[in-house]
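The chain contents come next:
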Amino acid sequence: MDRIVVITGGTSGIGRELADMFRKNNDTVVVLANAGCDDSGMEYTCDVSNEKQVQDIFSDIQKRFGRVDILLNNAGYGMSGITELIPTEKSKAIFDVDFFGVVNCTKYALPMMGKGAKIVNTGSAMAFFPVPYRAYYAAVKSAVVTMTYSQRSELKPLGIDLCTICPGDIKTNFTKSRVKEFETNDRYGDAIERATKKVDGREDKRMSAEVCAKRMYKIINKKRMKPMYIIGGFHKFLHFVARFVPTKWLLWGINKVCG
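Rules behind the numbers
- Residues numbered from 1 in each chain as written.
- Predicted model: local features only at pLDDT ≥ 70, side-chain atom pairs only at ≥ 80, totals over all residues.
- Heavy atoms only, no water.
- Salt bridge = Lys/Arg side-chain N within 4 Å of Asp/Glu carboxyl O.
- Helix = DSSP H or I, 4+ residues; strand = E, 2+ residues; numbered from the N terminus.
- Buried < 20%, exposed > 50% of the residue type's maximum accessible area, 1.4 Å probe, protein only.
- Phe/Tyr/Trp six-rings, centres within 6.5 Å; stacked < 30°, edge-to-face > 60°.
- Pairing = 2+ DSSP bridges.
- Right-handed = clockwise from strand over helix to strand, strands pointing away.
- Core = buried A, V, L, I, M, F, W, Y, C linked by side-chain atoms within 4.5 Å.
- Contact = heavy atoms within 4.5 Å.

K.L.:
Pulling in residues and values, what's your account of the pattern of salt bridges?
P.N.:
In total, this model carries 12 salt bridges according to the counting rule given. The residue Lys 52 makes a salt bridge to Asp 56 at a minimum N-O spacing of 2.9 Å. Taken together, the residues span about one helical turn, with Lys 52 and Asp 56 both in helix 2 (residues 51-65) at a distance of four residues. Overall, the relative accessible area of 41% leaves Asp 56 in the partly exposed class. Residue Asp 161 is joined to Arg 224 by a salt bridge in which the shortest nitrogen-to-oxygen separation is 3.3 Å. Here Asp 161, found in strand 7 (residues 161-167), pairs with Arg 224, found in the loop between helix 8 (209-220) and strand 11 (228-231); they are 63 residues apart in sequence, far enough to count as distant. Bridged by salt links that share partners, the residues Asp 20, Arg 23 and Glu 43 form one connected network.

Next up, the structure:
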């Protein structure tokens, strides 16, 4: 299709699968990632939370290609732990990458984007169904969804489409690389360890990164995207049920399954 596609976090998991799909369809794919980049000249080692680094890379992209047709903000990591015991610097760090990384890349891609361009932010079903001991990850993904809604309205007059795609449980290295804080005290006992084992124990039942990427790719190629999509039948069902069920009931159910 000969589009210029920029993907952050494009060397592993969903990002890598999407990069391969775009390449197979004759799009030019530029990858930003903090690890795993090759020397092809199409991959940049980048910490998306470092604004100067992001600015320099997009400046180089502009010199080489002159435009960005699709920006996929996919870089990020997870965190679990007892909310009150997670060190402040670590709670800020996840916002720096998962939220401000989106802000930085969007900020420097937009001057190269014209009518018909698209920005897609990878969110998470956790934004709507937060489980115990994942408060910061749920919060940051909620922030991404809310920012997307607002900025979508800003960009509509310019003809630039924007959405968030929120996958449910996906089988990638994301779980292994999640920052896990097991610090506890007498109030919580071994609750965090038990909750982590329960959630991680369902790894084999999760959707594959390839299947998720195929669904995302189909959404990205729609003529007009909706503001938000959820990927995964169970979480789609929960999102529907949430319209009719009191929030306290929904949270009770989530806690029974994941707490």
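K.L.:
How would you sum up the packing of aromatic side chains? Please name residues and give values.
P.N.:
According to the stated counting rule, one finds four aromatic pairs in the structure shown. With a centroid separation of 4.9 Å and an interplanar angle of 65°, the aromatic rings of Phe 22 and Tyr 217 are classed as edge-to-face. Taken as a pair, Phe 22 in helix 1 (residues 13-24) and Tyr 217 in helix 8 lie far apart in primary sequence, 195 residues in all. Residue class for Tyr 217 comes out buried when judged on its relative accessible area of 13%. Relative to Phe 244, the ring of Phe 240 has its centre 5.2 Å away and its plane inclined at 65°; by these criteria the two rings are edge-to-face. Its relative accessible area of 43% is what places Phe 240 among the partly exposed residues. With relative accessibility at 60%, the residue Phe 244 sits in the exposed group.

K.L.:
Describe unusual backbone geometry, naming the residues involved and giving the relevant values.
P.N.:
Notably, Asn 26 is not glycine yet its phi reads approximately 65°, a positive angle. You can see Asn 26 is positioned in the loop between helix 1 and strand 2 (28-33).

K.L.:
Let's hear about the pairing of strand 1 (residues 4-8): which residues, and what values?
P.N.:
Counting buried positions along strand 1 gives five out of five residues, so the element sits mostly inside the fold. Looking at chain direction, strand 1 and strand 2 are connected through five bridges and run parallel. Of the residues in strand 2, the one forming a bridge with Val 6 is Val 30. Remark: the strand 1/helix 1/strand 2 crossover connection has right-handed handedness.

K.L.:
Would you mind going over the nonpolar core in detail, with residue names and values included?
P.N.:
Membership of the largest hydrophobic core comes to 43 residues, with the highest contact counts inside it found for Val 6, Leu 32, Phe 58, Ile 61, Leu 71, Met 113 and Ile 119. Every element with two or more residues in this core is listed here: strand 2, helix 2, helix 3 (88-98), helix 4 (100-109), helix 5 (135-155) and helix 10 (247-258). For this core, the leading source of residues is helix 5, giving six residues. In contact with Val 6, not counting residues within four places along its chain, are Val 30, Leu 32, Phe 58, Ile 61, Val 68, Ile 70, Leu 71 and Leu 72. Core analysis: the next-biggest nonpolar cluster, separate from the first, contains 27 residues, Met 21, Val 29, Ala 209 and Cys 212 among them.

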